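# Summary of the model geometry
As a plain string of letters, each chain reads:
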Amino acid sequence: TGHASREFLENAQLWSSLSHPDDLSSVASLPRQMSRNGAAVTRRYRVRHGQTDSFRCVDDRVVPQTGPDGTRVTLFGVARDITETILAEQGLKQSEERYREMFMNDLTGAYVATPAGSLIACNPAFASMFGVASVEQALRMDLVSVHESPGHRQEFLDALQADRQLVHHEAE
């Protein structure tokens with residue numbers, strides 16, 4: 001957070017003052033949640049970094065500590081900066097979306113299949129090439145049946161295994 005832990009001990013309101021305005025209700029709900037059931041609470045929200053003034057995403061877990069008579073004595077909490085993890089997840093999601101869009105809009109017949117011939121994914125161009133009405137219908141196809149003979153299929157698999165890819169490969 002860019003703040004020393006002693007600052008939080010000296011100022012009980014510091015954490016709330018650093019919280020993003022849109023997340024204040026989540027941060028403020030901690031006492032209510034704990035008084036309801038006395039269980040630990042896990043939250044995700046944003047806090048302003050003390051040195052950069054930017055908001056960082058944190059996960060925190062607060063556990064009530066009770067005395068011998070069962071009354072709450074204090075709270076023990078751990079906050080972890082997860083900003084980089086969230087940014088990486090967002091980047092991965094965007095990359096997956098770009099890949100999916102490229103795959104589905106490719107004008108060539110693209111597909112992913114198991115070595116046994118079960119289709120895992122294909123694009124509309126692939127479905128069209130094999131005369132089926134939809135990707136869903138194509139996914140029910142057995143790729144073994146699209147080869148002229150078992151020998152041709154084996155040649156295809158051997159070439160694929162040897163080169164790890166096939167470029168400009170055509171089959172009857």
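Figured I'd write up the structure that's included with this text. (Residues numbered from 1 in each chain as written. Predicted model: local features only at pLDDT ≥ 70, side-chain atom pairs only at ≥ 80, totals over all residues. Heavy atoms only, no water.)

## Observations regarding the side chain of Ser 19
Stated formally: A helix here means a DSSP run of H or I that spans at least four residues, while a strand means a run of E at least two residues long, and both kinds are numbered starting from the N terminus. What makes two residues a contact is simply this: any of their non-hydrogen atoms within 4.5 Å.
Positionally, Ser 19 belongs in the loop between helix 2 (14-18) and helix 3 (24-28). Excluding its chain neighbours within four sequence positions, the residues that come into contact with Ser 19 are Leu 24, Val 27, Tyr 45, Arg 46, Val 47 and Phe 55.

## Notes on unusual backbone geometry
With a phi angle near 65 degrees, Asp 53 is a residue other than glycine that sits in the positive phi range. Relative to the helices and strands, Asp 53 is located in the loop between strand 1 (41-48) and strand 2 (55-66).

## Considerations on the side chain of Thr 83
Put simply, the rule reads: Burial classes follow relative accessibility: with a 1.4 Å probe on protein chains only, a residue under 20% of its type's maximum area counts as buried, one over 50% as exposed, and anything between as partly exposed. Counted as a polar contact is a pair of N or O atoms within 3.5 Å, where, for protein atoms, one must be capable of donating a hydrogen and the other of accepting one, and residues adjacent in sequence contribute only when both atoms are in side chains.
Counting through the fold element by element, Thr 83 comes out in helix 5 (residues 83-105). Judged by relative accessible area, which is 8%, Thr 83 ranks as buried. Of the polar contacts made by the side chain of Thr 83, one reaches the backbone nitrogen of Cys 57; its length is 2.7 Å. Discounting chain neighbours no more than four positions away, the residues touching Thr 83 are Arg 56 and Cys 57.

## Focus: the pattern of salt bridges
Short version of the rule: The term salt bridge refers to a side-chain nitrogen of Lys or Arg lying within 4 Å of a carboxyl oxygen of Asp or Glu.
Overall, the coordinates contain 7 salt bridges when judged by the stated rule. A salt bridge links Arg 46 to Asp 23; the nearest nitrogen and oxygen atoms lie 2.8 Å apart. Taken as a pair, Arg 46 in strand 1 and Asp 23 in the loop between helix 2 and helix 3 lie far apart in primary sequence, 23 residues in all. The shortest N-O distance in the salt bridge between Asp 60 and Arg 43 comes to 2.6 Å. Pair noted here: Asp 60 is in strand 2 and Arg 43 is in strand 1, with a separation of 17 residues, a long-range link. For Asp 60, a relative accessible area of 6% translates into the label buried. For Arg 43, a relative accessible area of 7% puts it in the buried group. Salt bridges linked by common partners bring Arg 44, Asp 59 and Arg 80 together as one network.

Everything listed here is a matter of geometry and, on its own, says nothing about what the molecule does.
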